[in-house]
Amino acid sequence: MLSIESVLESAADQSCIRLEPLVNTHLSGKTTTTGGSCDVFTDGSTKVTANGVHDIEDRILRITGYYGYNPGYSSHRREDGSESHAETPGSETSEESRSYQTCTHTALKVLGGLLLVLCVSSSWVGTTQVVKLTFQSFSCPFFISWFSSNWNILFFPIYYSGLVVTKREKQTPIQKFRECSKLFGEDGMTLKLFVKRTAPFSILWTLTNYLYLMALKKLTATDVSALYCCHKAFVFLLSWIVLKDRFMGVRIVAAIMAITGIVMMAYADGFHGDSFVGVALAVGSASTSALYKVLFKMFLGSANLGEVAHFLSTMGFFNLIFISCVPLILYFTKVEHLGSLSSLPWGYLCGLAGLWLVFNILVHVGVVLTYPILISIGTLLSVPGNAAVDVLKHEVIFSVVRLAATCIICLGFLLLLLPEEWDSVTLRFLATIADKKTEEHGEELTDSSVHTRSRSRANGTVSIPLA
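- If you check an unreviewed UniProt entry, the protein appears there as EamA domain-containing protein from Pagothenia borchgrevinki.

Let's talk about the nonpolar core
Right, so step 1: Of all hydrophobic cores here, the largest spans 65 residues; its most connected members are Phe138, Phe143, Leu216, Leu227 and Val279.
Right, so step 2: The leading source of residues in this core is helix 7 (residues 191-218), at 8 residues.
Right, so step 3: Leaving out residues up to four positions away in the same chain, Leu227 has contacts with Leu219, Ile262, Met265, Val279, Ala282, Ala286 and Ile409.
Right, so step 4: Among the nonpolar cores identified, the runner-up in size contains 21 residues, and Phe201, Leu204, Trp205 and Leu312 belong to it.

Observations concerning helix 9 (residues 231-241)
Right, so step 1: Every buried residue of helix 9 is listed here: His231, Ala233, Phe234, Phe236 and Ser239.
Right, so step 2: Tucked inside the fold, the buried residues of helix 9 contact helix 8 (221-228), helix 10 (249-267), helix 11 (273-299) and helix 17 (400-416).

Some points on the packing of aromatic side chains
Right, so step 1: For the coordinates displayed, the defined rule picks out 24 aromatic pairs.
Right, so step 2: Relative to Trp356, the ring of Trp124 has its centre 6.3 Å away and its plane inclined at 70 degrees; by these criteria the two rings are edge-to-face. Of this pair, Trp124 sits in helix 3 (residues 73-135) while Trp356 sits in helix 14 (residues 346-369), and the two are 232 residues apart along the sequence. Taken as a pair, Trp124 and Trp356 share a single burial class, namely buried.
Right, so step 3: The structure contains a cluster of three or more aromatic residues connected by ring pairs, namely Phe138, Phe143, Trp146, Phe147, Trp151 and Trp346.
Right, so step 4: For the cation-ring pair, Lys217 lies above Phe135, with the distance from its terminal atom to the ring centre recorded as 6.0 Å.

Cut-off values and rules
- Residues numbered from 1 in each chain as written.
- Predicted model: local features only at pLDDT ≥ 70, side-chain atom pairs only at ≥ 80, totals over all residues.
- Heavy atoms only, no water.
- Core = buried A, V, L, I, M, F, W, Y, C linked by side-chain atoms within 4.5 Å.
- Buried < 20%, exposed > 50% of the residue type's maximum accessible area, 1.4 Å probe, protein only.
- Helix = DSSP H or I, 4+ residues; strand = E, 2+ residues; numbered from the N terminus.
- Contact = heavy atoms within 4.5 Å.
- Phe/Tyr/Trp six-rings, centres within 6.5 Å; stacked < 30°, edge-to-face > 60°.
- Lys NZ or Arg CZ within 6 Å of the ring centre and 35° of its normal.

As structure tokens, then:
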């Protein structure tokens, strides 16, 4: 066995001793030379150390023929370590930039959602108030509902125009329309599917609007908008029964509160007269709206924005083609007196239909771009918005029972907005707060003990802790 001294002596005179390393033990892709002061690689490049000779560790390993040894391995390993060290600040910077971008995106999404909340609330308040103004000179609720529903035809053209502006859409409108028609099936939209899928939803849509307008003839805008918020509770009950959604006790409580508010609203003026009929019509509108949403989720699933735009435009066509006979029947039977075309309040009608279309666009687009809960809050805020308009403009005086019923319905609506895992999230949040308080209390005790010890040492005494 060679001693360390003999190894060093042999390293001092490499021209006399040439011990080759084991054959095929070096790393692949490199060729090892044993007699020079440089490493020759297969690409023809050389690597020389700063003082012209190899590190002492490399020389010892080469002379002793260490198994698997490759000259410069240790230096390569050190250089690789330094390179990985050099990449660490860059990776930290990239992670910081990614987190900054995520925070910025979330902040913009929340701010856009808050702006959208105001737009949704304003459009729904405007729609309700314009209906009240229209009824002063034109009292034909079904014709108004039919005329406003026809404007849904514009939904898909507006959607495609938005794609052209934002994403430079290369598909033609016909190609995009056919692509979105896959919502009806793999074969697209046929006449049979058009009638089968569109007819029930179009009828429910028309009933919802018609009953809502009829309720506005009997009640104030505040009462109708508050009663319409009960549709959230009906959606939960139907989803629980039909779709077998998860049972949540807090939502059952919210549904009970909604029903309580309905009963109180009907009792406000006694169970008779226009008030009771108006409450029944508003509750009927909320029920058909809930049934529409549950059936949409059951048969059509979670459609994207393009498919929803296609579906609403299709319902507009169905309304124009098949439901146009109903206003004519009501006109000839003198249930609704339209008068001449020139006498119709086209300004109010077009303003109402435009606001209704804007509301539907904001609701469906907002669900995709922001958080769905913000859209629901925007609908809820229409209740105080209508109340402010009723008090300031129409000088409506609300009774205590109506105010209590409205507050109970709104509170139940807010409870329905709680997520499914709200209880576990709340418990984790409270546990985190308790842990923070415990840590802060422990730090305060530590700081006080350190302060006491330092003061004792300054006075020449030492505090001995008790076992």
